[in-house]
Amino acid sequence: MTRSPQRLETGNWAAVFDLGQGTLRASSPPLRRSGLSLFFSGYIANPGEVAALLGQPGLRDPHELAHAAWLRWECRLARHVLGAFGIAVLDHRQGVLTLVQDALGQRPLFFAREDGAEGALCRIADTLDGLLASGGARGRCLDYFASWLRFGHGASDLTPYEGVRRLAHGRHVRIGTRTTQQGAAVTPAAAQFAWSHTRAEAEQELVRQVEQAVARECAGLRNPLFELSGGLDSSTVVALARRGAGARRLHAVTWGSPHDDDIGYAAPLAQQLDLAQRIVMRPDDDFIDWDSVHDWAEPGNEFSGTLRKVLRELVAGRHDAVVTGVGGDDVFHGRGMAPTWLADLLRAGRLGQALRTIRTAPPDGTPQRLFVSQLWRFGLRPLFGGAGVTGFTPHYAYCRDFMERCAALAPADMNLPREASAARSDFWRNLRMLVANRVAPGHLMPEIGFRHPLLSLPLVEFSAAILGRYETHLRPDRTLQRSAFAGRVPAPILERTSKGGSLAQEAAYWRGDDARRRFRTDASHAVALGLVDARQWEALLGAARFGRVANLREFDFIMKTEIWLRGAKGGAASRSAELAVVAGPPD
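Within every chain, residues take consecutive numbers counted from 1 along the sequence as written. Totals for whole chains, interfaces and linings use every residue, but because this is a predicted model, local features are given only for residues with pLDDT of at least 70 and side-chain atom pairs only at 80 or more, for both listing and counting. For side-chain calculations, the full set of non-hydrogen atoms in the structure is used, while hydrogens and water are omitted.

## Points about the overall build of the protein
The condition that has to hold: By definition, any uninterrupted DSSP run of H or I lasting at least four residues is a helix, any uninterrupted run of E lasting at least two residues is a strand, and each is numbered from the N terminus. Buried residues are those whose accessible area, probed at 1.4 Å on protein chains only, stays under 20% of the maximum for their type, while exposed residues exceed 50% and partly exposed ones sit between those limits. Residue contacts are counted whenever heavy atoms from the two residues lie within 4.5 Å of one another. Methods summary: accessible areas were calculated by the Shrake-Rupley approach with a probe of 1.4 Å, and residue burial reflects only the protein chains presented.
Helix and strand counts for the protein stand at 23 helices and 17 strands. For the protein, the proportion of its 587 residues judged to be buried stands at 57%. Here the contacts in the protein between residues at least 6 apart in sequence split such that 72% fall between residues at least 24 apart. Summed over all atoms, the accessible surface of the protein reaches about 24,900 Å², with 51% contributed by carbon and sulfur.

Listed below in structure tokens is the structure:
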């Protein structure tokens, strides 16, 4: 009997596939065609381009587009399809499950293979709590925590739960009855953009890429909500979106604090662009969302109770997505990216070119110090100091067995594409860090659709392509970006040097009585897990009580893990999902 095609609601699905029997149970029905069951979540940012490439210009439904793209390109579809999406394809005849996602991994996919005496099962879901709810208690995966400590983020293919994996960006996985195979679904097309010969050409290409990225991300949205901090990136996104909105009025939200000056920049811009702006002030004592901590699937959710509540109110029934400029720092400024091309030039004996390139860096008040510092840190030291120079150096002596786990995790575990250029390789490594736990909150707040125009793949590839020649114009003051958008973004925004998101609230919290009461040493889950011992835990808290929390990676990681561990027992792992049989064995 031929079944009629079924449609899938975008996002929040979980399924269990019996690899031997070919049966499928799922929380939502997949799209079923010609022996295939396809789950889709997220969105496609360039549906018109994809439909034209497929020879079906009228096709716009994302599920149908995903199915047609799979039939044409299979695992290579992420090279052509842009956006944030995850796709799971079940081939019932061959008994094979394939997972593939967008090139940057913005829409996560999770899977867990379970081999037993009676056969093999595979659990899949587009949220971590959805997979956990599909059945089975899970222990803690210490390798996940070790990788976060070593690299500053969770390993690309691990989760906090033993046996539960996340599909790494730019990869695909095929799961059969006896084997699990991984491969590269997409690699950065480093040669796609030629290096610009002049700064003017670089500026023109940068503007073109950002304009296209914003247009892609906003296409098809009925009533988007824009985050507007008054900073360079959010203001650029909003200004370009407003130019393409015609007479339609856009809505923006600004998160305010007495400790920063975001409102002073965002409010005039909202008035100038005729935006319907809502300003949300977060109270000083609203630092951690303790009421919702049990809902967090992973460590890293920094939303306070106020921000989380307002976001849900704004999105529910009113806005179909939140559009944010978060991620621009890492794309344009290169925060955390060491310019290893300096060492490459010195190895090639091109000292003169290295010196000329560094000296073109824009002054930041101490240009001479910047010049000497860059040459020493990123040129001479890596050249003569060996690979260990850039290795992980802990501020604290963590438990020995835990540090052994850290040492065992090599950068190869990050599933990075191989690049001839060390600078571009570092760029993609940093972007993996960014996407994994910072600006892809789908695994933290799956009920809200976030869109990040500045993480559009062509824009990212362009930014990676100009590393080296114009990297010093991207960092530290982003003069290339500021001059490129002159006339498109108001001058006060382009000239702004302050940065929103003051750490004053965080420092004040750790100095207060609530932190001392909640984070007593004898009640520490991090100590019980073995991340630190009691003495080291006291040292962390002592430093925090003096306000020493900024840029302290170990403190940030351990405290987020501590908060998460306290709520994990009553969270998603103890819930269950209703799964219905949607497909039997193949005919």
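Alright, that's what it looks like, and here's the rest.
## A short note on the pattern of salt bridges
Rules: Salt bridges are defined as contacts in which a side-chain nitrogen from Lys or Arg sits within 4 Å of a carboxyl oxygen from Asp or Glu.
Scanning the model with the defined rule gives 24 salt bridges in all. Residues Glu64 and Arg33 are paired through a salt bridge, measuring 2.8 Å at the closest nitrogen-oxygen approach. Within this pair, whereas Glu64 is found in helix H2 (residues 62–73), its partner Arg33 is found in strand S3 (residues 31–33), the two being separated by 31 residues in sequence. For Asp115, the salt bridge goes to Arg113, with nearest N and O atoms at 3.0 Å.

## Observations concerning helix H7 (residues 262–272)
The criterion, for reference: Here, the arc refers to the directions that run from the helix axis to the C-beta atoms.
For H7, every residue scored as buried is listed here: Asp262, Ala266, Leu269 and Ala270. All buried residues of H7 fall inside an arc of 100 degrees around its axis, so they share one side. Exposed positions of H7 whose direction lies more than 90 degrees from the buried face are Gly264, Gln271 and Gln272.

## With respect to the sheet that holds strand S2 (residues 24–26)
The strands making up a sheet are joined through hydrogen bonds of the backbone, oriented either antiparallel or parallel. This is how the line gets drawn: One bridge is not enough; two strands pair if DSSP finds at least two bridges between them.
Taken together, six strands build an open sheet; the order of strands is S9-S7-S8-S1-S2-S17 and the sheet is antiparallel. Each end of this open sheet is capped by a strand with a single partner; those strands are strand S9 (165–166) and strand S17 (580–583). The sheet contact formed by strand S7 (residues 110–116) and strand S8 (residues 119–125) spans seven bridges and is antiparallel. Paired with Asp115 across the strands is Ala120, a residue of S8.

## Topic: the pairing of strand S6 (residues 96–101)
Most of S6 is tucked away: six of the six residues are buried. The alternating pattern of S6 places Val96, Thr98 and Val100 and Leu97, Leu99 and Gln101 on opposite faces, both of which are buried. Sheet topology places strand S5 (residues 83–91) next to S6; six bridges connect them, and they run antiparallel. The partner of Ala88 across the bridge, within S6, is Leu99. Counting the residues that bridge the hairpin from S5 to S6 gives four residues, and of these Gly95 lies at a positive phi of roughly 65 degrees. With four bridges connecting them, S6 and strand S10 (residues 171–175) associate as antiparallel partners. Bridge pairing links Val100 to His172 in S10.

## Description of the packing of aromatic side chains
Condition: The rule is short: rings of Phe, Tyr and Trp, with Trp giving its six-membered ring, pair when the centres are within 6.5 Å, and they are stacked under 30 degrees, edge-to-face over 60, tilted in between. Each ring is checked for a lysine NZ or an arginine CZ that lies within 6 Å of its centre and within 35 degrees of its normal; such an atom marks a charge sitting over the ring.
Overall, the coordinates contain eight aromatic pairs when judged by the stated rule. Ring centres of Phe40 and Phe85 lie 6.5 Å apart, and the angle between their planes is 15 degrees; on these two criteria the pair is classed as stacked. Here Phe85 lies in strand S5 and Phe40 lies in strand S4 (residues 36–44), a separation of 45 residues in the sequence. Neither Phe40 nor Phe85 differs from the other in exposure class; each is buried. Aromatic side chains Tyr161 and Trp564 sit 5.9 Å apart centroid to centroid with 70 degrees between the ring planes, which places their arrangement in the edge-to-face category. Of this pair, Tyr161 sits in the loop between helix H4 (142–151) and S9 while Trp564 is found in helix H23 (residues 553–568), placing the two residues 403 residues apart along the sequence. Exposure remark for Tyr161: the relative accessible area of 3% places this residue in the buried category. Residue classification places Trp564 among the buried residues on the basis of a relative accessible area of 0%. Through pairs of rings, three or more aromatic residues link up here, namely Tyr144, Phe145, Tyr161 and Trp564. In this structure, Arg518 is placed above the aromatic ring of Trp290, and the distance from its NZ or CZ to the ring centre is 4.1 Å. Its end group placed over the ring of Phe519, Arg566 keeps NZ or CZ at 4.9 Å from the ring centre.

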